Amino acid sequence: MTEPKSRMLDLGSGRPRLELQDAGSGPPLFFLHGAGGVAWDGALGQLAKHFHVYAPSLPGFGKSPSEGLELIEDALELWQLGFDVMEALGLDKPLLVGESFGGWIAAEMAALRPKEVGKLALLAPVGVWRDESPVVDLFGLTIGELLPFLFHDMKSKAALDMSQLTTLMSDKDDRTQAQIDQLIGIFLGFRTAAKFLFPVPDTGLERRLWRIRVPTLVLWGAQDRLIAPSYAELIAKRVKNAQVVLIERCGHLLMAEQPEASAKEIQRFAGV
Amino acid sequence: MQKRSFQRRDATGHLDPKYAADLRLRSTQGAQRDGDVAFVAHPRSRDPLAEALGEEFVEAATTGGDAGTETLNQDVPEEEGGPFVVTSARTEFARGSDPSNPEGATREPFPWNGTYTKLRYVNVWPRPIQQPHPPVWIPGLGSIETWDFCAEHDYNYSYLSFSGYKRARNMMNGYWERRAALGADDNPHSAAFFQQVCISETDAECEKQWWPHVDYFFNKCLHLYPGTSEAPGYRSEASLRAGIVAQFGNTTQNMGIDKTWKQLVNEGYILAGSAETVRQQIEELGKTLRVGHVLLGCQIGSAPAELVNRATKLAGEQILPKLRHLYSDYEDRWWPRALPASRRAKAGAHIPASAAAPR
């Protein structure tokens, strides 16, 4: 993979300023990140070997100023923002891939303007709710408490890497500026996600799923403890042209815990 | 608000049915006088029933009695403009839109077209007796935007903390620096600080008298679940950066949990000892934080009324008079002024008979 390039997108005055990272070459893949932001060391880097990956960061994530969140007043404006970015990039019917929080946005976008999406890959998206399988409240847990809900194998490299964050939560005032920025980044990103998903991440997506007409892949970690894998079938049943793939030995963060398998499934689905 | 109604309740605090009927009658007459055909006077006019209900709510809030919910349910559907009190519209308030002006907001019902809360009629109760309004004090917990808001409107900023004055130094330094940057004056009375105190007759008695109640407060009441104590969205990026250590640090440590009496005293969480010992520390507090107002927490945790009353008396008689000189050369624009004698309530007149009776 070539190193991702980063730039700021100009969406016009009074609009949020967003960082756009892109890498690779090939057919366009428009990626919407989850509550942890854009990371290239997992499946995204793999995908950039076969696609031209475009990954915007929502306000509070990456280099996108958090103040931009004030300019997105409700969920509809968030979904529309997704299309605004696509338009700014000149993307025509791209493969739309969203993970978790971003999977919800991707699904809503495909339901809102179905003709403007080429194909849709939803990776353990949030947005549908069943009382018998409540989605874990990621906004009401400390990082240390949250981690076991994100991974199948807490000894996997991805899980161990993320565990490093918990060591930053100390009473000592000995953090480096980079560590402070990292911590604040987590909070600001979660703030953005919480604006649309707190307290119950049910935005009525289920009632709109029938509007999605494009070929859709619903990809889920078979051991997802944050959002039960049973949601995969539930979503696929309501989308006209959907297929479900469960990835074994995998928790909620598919692209981090099983990067090769996740990338391979997306590639297969896209026929690239 | 011509008539108080404490005697209008039975022993269990329920509204006397005759009084309720009287309220309804008065409201009907009021509506007819105004030429309205509806049973409830039009919400945009002055509405006797709404005012009577407002009075009920204020009374309930101040005495712990029942709010006249049955009366409300029967007579004033929400959308007709009941006595709403809106307290949760922080964003709009901070933006300085018109309702942040207490004069306007507390006199007549107004529509609230907020970003997230929309209310066709907002009718704020209680309305201040003072004209145009008493000085406004804004409680703060560490959001630095509140400093700007207070400076812009010349409101008092009151830093409320259970962690004591020694840990508040950085925060209050930030307050004064911010005021200077905004071109506001350095009047110490523009700031207040909440400090818990344990006052006894002598230093020696203090720990014995107060420790069980201090222990109860810090080790039982103050347990906050860290997962929600700084939930995403509570504070802005600037405030997060300003409070990075306190907010991301070990909450248990910062809140004074699992500390001994000696630690709590030495670290300033509580000011404890005889009146003179506490006085010295309050003086240091006032000087180091540069605050002209100290909100003295004479009650803590499970402290019984008798102990608290004694401490309050000691504070009033032996501490306060000796601290009045501090910053007396600055004008205090934030101290409430008394009403003219003719308009003052008689002492004790507001206490309901049931509360005054011995238990």
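Note that this is a predicted model, so its numbers are computed, not measured. (Residues numbered from 1 in each chain as written. Chains lettered and ligands numbered in written order. Predicted model: local features only at pLDDT ≥ 70, side-chain atom pairs only at ≥ 80, totals over all residues. Heavy atoms only, no water.)

## Considering the overall build of chain A
A tally of regular secondary structure across chain A gives 10 helices and 8 strands. In terms of overall dimensions, chain A is globule-like: its C-alpha atoms have a radius of gyration of 17 Å, near the 19 Å expected for 272 residues. By the burial criterion, 56% of the 272 residues in chain A qualify as buried. Put simply, 73% of the contacts in chain A that link residues at least 6 apart link residues at least 24 apart. As displayed, chain A offers around 11700 Å² of accessible surface, 52% of which is attributable to carbon and sulfur atoms. On chain A, the mean spot of the 28 positive side-chain charges and the mean spot of the 34 negative ones are 7 Å from each other. (Helix = DSSP H or I, 4+ residues; strand = E, 2+ residues; numbered from the N terminus. Rg over C-alpha atoms; globule rule 2.2 N^0.38 Å. Buried < 20%, exposed > 50% of the residue type's maximum accessible area, 1.4 Å probe, protein only. Contact = heavy atoms within 4.5 Å. Areas by Shrake-Rupley, 256 points an atom, 1.4 Å probe, with all protein chains shown as cover. Lys, Arg positive; Asp, Glu negative; His and termini not counted. Charge placed at Lys NZ, Arg CZ, Asp CG, Glu CD.)

## Notes on the overall build of chain B
In terms of helices and strands, chain B carries 16 helices and 7 strands. Residues classed as buried in chain B amount to 43% of the 359 residues present. Taking as baseline every contact in chain B between residues at least 6 positions apart, the subset at least 24 positions apart corresponds to 66%. Just so you have it, chain B exposes about 19400 Å², and 54% of that area is on carbon and sulfur atoms.

## Quick word on the side chain of Arg279(B)
On the secondary structure map, Arg279(B) appears in helix α14 (residues 275–289). Engagement of the side chain of Arg279(B) in a polar contact is seen with the side chain of Glu283(B), the distance being 2.7 Å. (Polar contact = N/O pair within 3.5 Å; in protein donor to acceptor, adjacent residues only side chain to side chain.)

## Section: the sheet that holds strand β3 (residues 28–32) of chain A
Hydrogen bonds between backbone groups are what pair the strands of a sheet, and the pairing can be parallel or antiparallel. Residues and elements named next belong to chain A. Strand order in the open sheet formed by 8 strands is β1-β2-β4-β3-β5-β6-β7-β8, and the pairing between neighbours is mixed. Single-partner strands in this sheet number two, and they are β1 (5–9) and β8 (242–247). The average undirected angle you get between the axes of adjacent strands in this sheet is 20°. Here strand β5 (residues 95–99) runs beside strand β6 (residues 119–123); their pairing, made up of 5 bridges, is parallel. Bridged to Leu96 within β6 is Leu120. Its contacts with the sheet put helix α8 (residues 230–238) on β6, β7 (216–221) and β8, and the angle it makes with β7 is roughly 170°. Seen against the sheet, helix α10 (residues 259–270) touches β5, β6, β7 and β8 and runs at an angle of roughly 165° to β7. (Pairing = 2+ DSSP bridges. Axes fitted to C-alpha atoms, helices over the stretch in contact; angles between N-to-C directions.)

## Some thoughts on the nonpolar core
Side chains of a nonpolar character, in soluble globular proteins, are inclined to be buried together. Residues and elements named next belong to chain A. By size, the foremost hydrophobic cluster in this structure holds 98 residues, and its most contacted members are Phe30, Phe101 and Trp104. In terms of residue count, helix α3 (residues 101–112) provides more of this core than any other element does, 8 residues in total. Each residue touching Phe30, except ones within four places of it in the same chain, is listed here: Tyr54, Pro56, Gly82, Val85, Met86, Leu89, Leu91, Pro94, Leu95, Leu96, Val97 and Met109. (Core = buried A, V, L, I, M, F, W, Y, C linked by side-chain atoms within 4.5 Å.)

## A short note on unusual backbone geometry
All names here are of chain A. At the junction of Phe198 and Pro199, the peptide bond is cis and its omega measures out at 0° in the coordinates. Of note, Pro199 is situated in the loop between α6 (177–197) and α7 (205–208). For Ser100, which is not glycine, the phi torsion reads 55° and is therefore positive. In this structure, Ser100 sits in the loop between β5 and α3. Relative accessible area serves as the criterion here: at 12%, Ser100 is assigned to the buried category. Notably, Arg249 is not glycine yet its phi reads approximately 50°, a positive angle.

## Structural notes on the packing of aromatic side chains
Residue and element names in this part refer to chain B. Per the stated rule, a full pass over the model turns up 17 aromatic pairs over all chains. Where Trp211 meets Trp261, the ring centres are 6.3 Å apart and the plane angle is 85°; that geometry is what we call edge-to-face. Taken together, the residues Trp211 in helix α8 (residues 203–221) and Trp261 in helix α13 (residues 261–266) connect sequence positions 50 residues apart. Pairwise contacts between aromatic rings join Phe162, Phe194, Phe217, Phe218 and Tyr269 into one cluster. Seen from the ring of Tyr121, Arg120 lies directly overhead, with NZ or CZ sitting 5.4 Å from the centre. (Phe/Tyr/Trp six-rings, centres within 6.5 Å; stacked < 30°, edge-to-face > 60°. Lys NZ or Arg CZ within 6 Å of the ring centre and 35° of its normal.)

## Some remarks on the state of the cysteines
All names here are of chain B. Using the criterion set out here, one finds 0 disulfides over all chains in the structure. Cysteine Cys221 shares no disulfide, and the gap to the nearest cysteine sulfur, in Cys198, comes to 13 Å. Note on Cys221: relative accessible area 38%, which makes it partly exposed. (Disulfide = S-S within 2.5 Å.)

## Brief notes about the packing of helix α6 (residues 145–153) of chain B against helix α7 (residues 169–181) of chain B
Residues and elements named next belong to chain B. Packing of α6 against α7 brings their axes to within 10 Å, and their N-to-C directions diverge by 45°. Taken together, α6 and α7 sit at an angle that is classed as oblique. Of the two possible hands of crossing, α6 and α7 adopt the one that is right-handed. Touching Trp147, Asp148 and Ala151 of α6 are Met171, Gly174, Tyr175, Arg178 and Arg179, all from α7. Considered class by class, the residues forming the contact of α6 with α7 number 4 nonpolar, 1 polar and 3 charged. (Parallel < 35°, antiparallel > 145°, perpendicular 65-115°, else oblique. Left-handed = near helix turned anticlockwise from the far one by under 90°. Nonpolar A, V, L, I, M, F, W, Y, C, P; charged D, E, K, R; others polar.)

## Quick word on the confidence of the model for chain B
A residue-level look at chain B finds 63% of positions with pLDDT of 70 or above and a mean pLDDT of 74. Segment residues 67–99 of chain B: pLDDT under 50, and 57 contacts once partners within four positions in sequence are set aside and those in other chains are kept. (pLDDT = per-residue confidence, 0-100.)

## Here's the deal with the packing of α14(B) against helix α15 (residues 305–319) of chain B
Any two packed helices are characterised by the angle at which their axes cross and by the distance between the axes. Residues and elements named next belong to chain B. Between α14 and α15, the shortest axis-to-axis distance is 10 Å and the interhelical angle comes to 70°. In terms of their interaxial angle, α14 and α15 are classed as roughly perpendicular. Here the hand of the crossing between α14 and α15 comes out right-handed. Residue-level inspection shows Ala275, Val278, Arg279 and Ile282 of α14 in contact with α15, the latter providing Leu314, Gln318 and Ile319. For the contact of α14 with α15, the class distribution of residues is 5 nonpolar, 1 polar and 1 charged.

## A short note on helix α4 (residues 143–150) of chain A
Among the residues of α4(A), Ile143(A), Leu146(A), Leu147(A) and Leu150(A) are the ones counted as buried. Taken around the axis of α4(A), the buried residues stretch over an arc of 115°, which confines them to a single face. (Arc of directions from axis to C-beta.)

## Brief notes about the environment of Glu70(A)
Residue and element names in this part refer to chain A. Inspection of the secondary structure puts Glu70 in the loop between β4 (52–57) and α2 (75–89). Overall, the relative accessible area of 39% leaves Glu70 in the partly exposed class. Considering only alpha carbons, one finds Glu70 and Cys250, 180 residues apart in sequence, at a separation of 35 Å.

## Notes on the pattern of salt bridges
Pairing between side chains of opposite charge can happen when the charged atoms of each approach one another. Residues and elements named next belong to chain B. All told, the structure shown has 20 salt bridges over all chains when counted by the stated rule. Here Arg279 and Glu283 are joined by a salt bridge, their closest N and O atoms 2.7 Å apart. You can see Arg279 and its partner Glu283 sitting in helix α14, 4 residues apart, about one turn around the helix. (Salt bridge = Lys/Arg side-chain N within 4 Å of Asp/Glu carboxyl O.)

## Observations regarding the environment of Leu78(A)
Residue and element names in this part refer to chain A. The residue Leu78 is located in helix α2 in this model. A residue is classified by how much of its surface remains accessible, and Leu78, at 2% relative accessible area, is buried. Along the primary structure Leu78 and Val200 are separated by 122 residues, whereas in three dimensions their C-alpha atoms are 17 Å apart. Filtering out sequence-adjacent residues up to four positions away, Leu78 remains in contact with Leu58, Ile72, Phe101, Trp104, Ile105 and Phe196.

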